[in-house]
Amino acid sequence: EARIAARLGRDHGVAIGSCTDGLFFALTALGIGPGDEVLVPALSFIASASCIRRTGATPVFVDIGTDGQIDWDAAAAAVTPRSRALLLVQLFGTMTDPALAESFAARHGIALVEDFAQGFGAVRGGRAAGSIGRVSVTSFDPTKVLSAPGSGGMLVTDDAALAARVRGLRLHGMD
């Protein structure tokens with residue numbers, strides 16, 4: 001946990017059973033639930049939407065650009081008063097511009113949650129995938145960049161309280 005967090009420039013790492021669980025835990029720890037909307041790229045694995053639905057929130061699918069990353073104009077058009085977060089998915093070993101993603105989230109007053117399951121090791125603008133937004137989550141599934149037998153994953157954040165909430169969620173309230 002500590003080594004991966006440090007490699008990504010984060011203060012806290014929390015090992016989890018899967019990236020899907022980590023995304024659900026992140027959204028839950030951020031207080032996202034019924035009545036809320038979460039922006040998510042329209043091109044992604046089903047887990048991006050299913051973890052949002054598990055919280056009771058509604059996924060709002062946003063088109064992607066020719067670079068395979070989220071289309072920021074389409075994302076801005078999709079923001080409503082119910083928007084609480086953007087689930088940013090780094091696909092195919094590439095990543096979006098970190099400064100652009102963070103300024104978008106700040107401008108719209110929404111949390112930025114990064115899924116870097118397919119972006120581990122990518123760097124853009126001097127920033128590593130996994131270093132963007134309030135919380136980032138990766139997968140150790142055998143089909144991913146950094147893999148392990150079976151499944152698993154890691155959630156990283158600079159927010160000590162969020163990391164503590166996720167540790168409680170991952171172990172059913174035990175520490």
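Worth saying up front: this structure is predicted, and the values here are computed from it rather than measured.

Visitor: Can you tell me about the packing of helix α2 (residues 19-29) against helix α3 (residues 47-54), naming the residues and giving the values?
Guide: At a minimum axis separation of 9 Å, α2 and α3 run at an interaxial angle of 40°. By the angle class used here, α2 and α3 are oblique. Our pair here, α2 against α3, has a crossing hand that is right-handed. Along its contact with α2, which presents T20, D21, L23, F24 and L27, the element α3 presents A47, S50, C51, I52 and R54. Split by residue class, the contact of α2 with α3 holds six nonpolar, two polar and two charged.

Visitor: How would you explain the sheet that holds strand β3 (residues 58-62) if you had to name every residue and give the values?
Guide: Within a sheet, neighbouring strands are paired by backbone hydrogen bonds and run either parallel or antiparallel to one another. Ordered by their spatial adjacency, seven strands build an open sheet running β1-β9-β8-β5-β4-β2-β3, and the pairing between neighbours is mixed. Either end of the sheet is taken by a strand with one partner, and the two such strands are β1 (12-16) and β3. Shown here is a sheet whose adjacent strand axes are inclined to one another by a mean of 20°, direction ignored. Taken together, the five bridges between strand β2 (residues 37-41) and β3 define a ladder with parallel strand orientation. When the sheet's bridge partners are listed, P41 is paired in β3 with V62. Those strands touched by α2 are β1, β4 (83-89), β5 (111-115), β8 (135-139) and β9 (153-157), and its axis lies near 165° from that of β8. Of the strands in this sheet, β1, β8 and β9 touch helix α6 (residues 160-170), which is tilted by about 15° from β1.

Cut-off values and rules
Residues numbered from 1 in each chain as written. Predicted model: local features only at pLDDT ≥ 70, side-chain atom pairs only at ≥ 80, totals over all residues. Heavy atoms only, no water. Axes fitted to C-alpha atoms, helices over the stretch in contact; angles between N-to-C directions. Helix = DSSP H or I, 4+ residues; strand = E, 2+ residues; numbered from the N terminus. Parallel < 35°, antiparallel > 145°, perpendicular 65-115°, else oblique. Left-handed = near helix turned anticlockwise from the far one by under 90°. Contact = heavy atoms within 4.5 Å. Nonpolar A, V, L, I, M, F, W, Y, C, P; charged D, E, K, R; others polar. Pairing = 2+ DSSP bridges.

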